[in-house]
Amino acid sequence: MSYHSYQFSLSLLALLPLVSAHGYVAQVAIDGTDYYGNVPNANPVPSIVRQINDVAPVKGASNPYLNCGQDAQLASLVANANPSSQLQFWWKGGDGSDWPHNIGPIMTYMAQCIDTTCDQYNSTNAEWFKIEETGLQPGNTTWYQENIMLGWPANVTLPPTLAPGQYLIRHEIIALHLANEMGGAEFYPSCTQVNIQGDQSGVASTSDEVTFPGGYSDDDPGIYDPTIFDTPLQQYTFPGPPVVSFAAPASNTSSPTSSNPSSTTTGTPVPSSTSSGSGGGAQCQVSTAQAAFAVYARQPRSVSRVMRRWWESLTSLS
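Residues numbered from 1 in each chain as written. Predicted model: local features only at pLDDT ≥ 70, side-chain atom pairs only at ≥ 80, totals over all residues. Heavy atoms only, no water.

A. Quick peek at the overall build of the protein. Scanning the protein for helices and strands turns up five helices and 11 strands. Per-residue burial over the protein gives 54% buried out of 318 residues. Intrachain contacts of the protein at a sequence separation of at least 6 include 79% that bridge at least 24 residues. (Helix = DSSP H or I, 4+ residues; strand = E, 2+ residues; numbered from the N terminus. Buried < 20%, exposed > 50% of the residue type's maximum accessible area, 1.4 Å probe, protein only. Contact = heavy atoms within 4.5 Å.)

Shown next as structure tokens:
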């Protein structure tokens, strides 16, 4: 590597505290029907996904935006669903590229919209219960989040005995590539509005419910983890409450068998763009600096192929 290339790499490393890749839920499928989310900070179209105003991560366990994402706004639609409905969540980077992170858990919560419909419900004091959590793949070296980076959706099955009513589904990725430092975890929550049909009776107990903020602490083992780059990771402790007893049986949350678009479409596709808010897509485009960080952090297997090629191109310069 030439001296100038070496200096360039060191400059990118120096920017790491200021550089972060970001994203949002661009599409949700419910039993084969697609619903498109809105690009953050763009003019909204009817959707079941609450629109955020910035693709930057939520930082800090006491941040009020931990509820449904950055300044999340009420969505205008509520989609019908059923107990055991199959949901798929497609995550995108802020510039429309694939999701940029691959370290950390994927979790899904639900909360009833009390005394109103979900398109009118203020979720500030919502009581959330967890219906699924997915972390490391067998072998404890690769996270299922890496499948999201490869363009596959996160798959979620609703509880088979879930009581009818209107609910918010809070689907969340926690990116842990900076979690070896206190406060480094990046939270990406997203809320989708659904109406559960049927006559079932499954409800969460009070002990299974949390509020956001309030459900996490910055020093929780699954949020602050100095060993996050150990290979293999000896154990991972999910933050938040346990999964409710009436949840669907656990399965891999992201699978290549479910990557094809659904046959039915609802809503208007929104072209990908970069958020104009602070910490938006411009930072996503510089996110390759994280590759250098990952190399020095003893986790080269967690670097995406694109990032790895970038690093190899630097080392080949002379």
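Here the narrative resumes, following the displayed structure.
B. Fine view of the packing of aromatic side chains. Counted by the stated rule, this structure contains nine aromatic pairs. Judged by centre distance (4.9 Å) and plane angle (85°), the rings of Trp99 and Tyr188 are edge-to-face. Of the two residues, Trp99 sits in the loop between β4 (86-93) and β5 (106-112) while Tyr188 sits in strand β9 (residues 186-196), which places them 89 residues apart along the sequence. Note on accessibility: Trp99 and Tyr188 belong to one class, buried. Geometrically, the ring pair formed by Phe129 and Phe246 is tilted, given 5.9 Å between the ring centres and 50° between the ring planes. Of this pair, Phe129 sits in strand β6 (residues 128-134) while Phe246 sits in the loop between β10 (209-210) and β11 (264-266), and the two are 117 residues apart along the sequence. No difference in accessibility class separates Phe129 from Phe246, as the two residues are buried. Grouping aromatic residues by their ring pairs yields a cluster made of Tyr109, Phe187, Phe212 and Tyr216. (Phe/Tyr/Trp six-rings, centres within 6.5 Å; stacked < 30°, edge-to-face > 60°.)

C. Quick peek at the environment of Asp98. Structurally, Asp98 can be placed in the loop between β4 and β5. Assessed through its relative accessible area of 37%, Asp98 is described here as partly exposed. Residue contacts for Asp98: discarding those within four places in its chain leaves Lys92, Gly93, Met149, Leu150 and Gly151. Looking at Asp98, its side chain comes within polar contact range of the side chain of Lys92, at 3.5 Å. (Polar contact = N/O pair within 3.5 Å; in protein donor to acceptor, adjacent residues only side chain to side chain.)

D. View of the sheet that holds β5. Read across the open sheet, the six strands follow the order β3-β9-β8-β5-β6-β10; overall the sheet is mixed. Only two strands of the sheet have a single partner each, and these edge strands are β3 (79-81) and β10. (Pairing = 2+ DSSP bridges.)

E. Spatial organisation of the nonpolar core. One finds Ile30, Phe89, Trp91, Met110, Phe129, Leu158 and Tyr167 to be the most contacted residues of the largest nonpolar core, which totals 33 residues. Broken down by secondary-structure element, the contributors of at least two residues to this core are β1 (23-30), β3, β4, β5, β6, β7 (154-157), β8 (165-175) and β9. The element that contributes the greatest number of residues to this core is β8, accounting for four residues. Core analysis: the second largest hydrophobic core is formed by 30 residues, Trp128, Ala185, Phe212 and Tyr236 among them. (Core = buried A, V, L, I, M, F, W, Y, C linked by side-chain atoms within 4.5 Å.)

F. Spatial organisation of the pairing of β8. The element β8 is extensively covered by neighbouring structure, given that 11 of its 11 residues are classed as buried. By the alternation rule, side chains of β8 split into Gly165, Tyr167, Ile169, His171, Ile173 and Ala175 and Gln166, Leu168, Arg170, Glu172 and Ile174, which are all buried. Taken together, the 11 bridges between β8 and β9 define a ladder with antiparallel strand orientation. Residue pairing for β9: Leu168 is matched across the bridge by Gln193.

G. Layout of the environment of Ala26. Of note, Ala26 is situated in strand β1. When its relative accessible area of 15% is taken as the criterion, Ala26 is described as buried. Residues Ala26 and Gly96, spaced 70 residues apart in sequence, show a C-alpha to C-alpha distance of 8.8 Å. Apart from residues no more than four positions distant in its own chain, Ala26 is found in contact with Tyr36, Gly37, Trp90 and Lys92.

H. Representation of the environment of Glu132 in the model. Within the fold, Glu132 resides in strand β6. Taking the C-alpha atoms as reference points, Glu132 and Ala250, 118 residues apart in sequence, are found 7.1 Å from one another.

I. Spotlight on the side chain of Asp208. Checked against the element boundaries, Asp208 lands in the loop between β9 and β10. Buried and unpaired, Asp208 has no salt bridge, with Lys130 as the nearest side chain of opposite charge at 10 Å. (Lys, Arg positive; Asp, Glu negative; His and termini not counted. Salt bridge = Lys/Arg side-chain N within 4 Å of Asp/Glu carboxyl O.)

J. Representation of the state of the cysteines in the model. In total, this model carries two disulfides according to the counting rule given. Disulfide pairing is shown between Cys68 and Cys191; the S-S distance is 2.0 Å. For the disulfide bridge between Cys68 and Cys191, the dihedral angle about the S-S bond is near -85°, and by the sign convention the bridge is left-handed. Of the two residues, Cys68 is situated in the loop between β2 (33-36) and β3 and Cys191 in strand β9; the sequence distance between them amounts to 123 residues. (Disulfide = S-S within 2.5 Å.)

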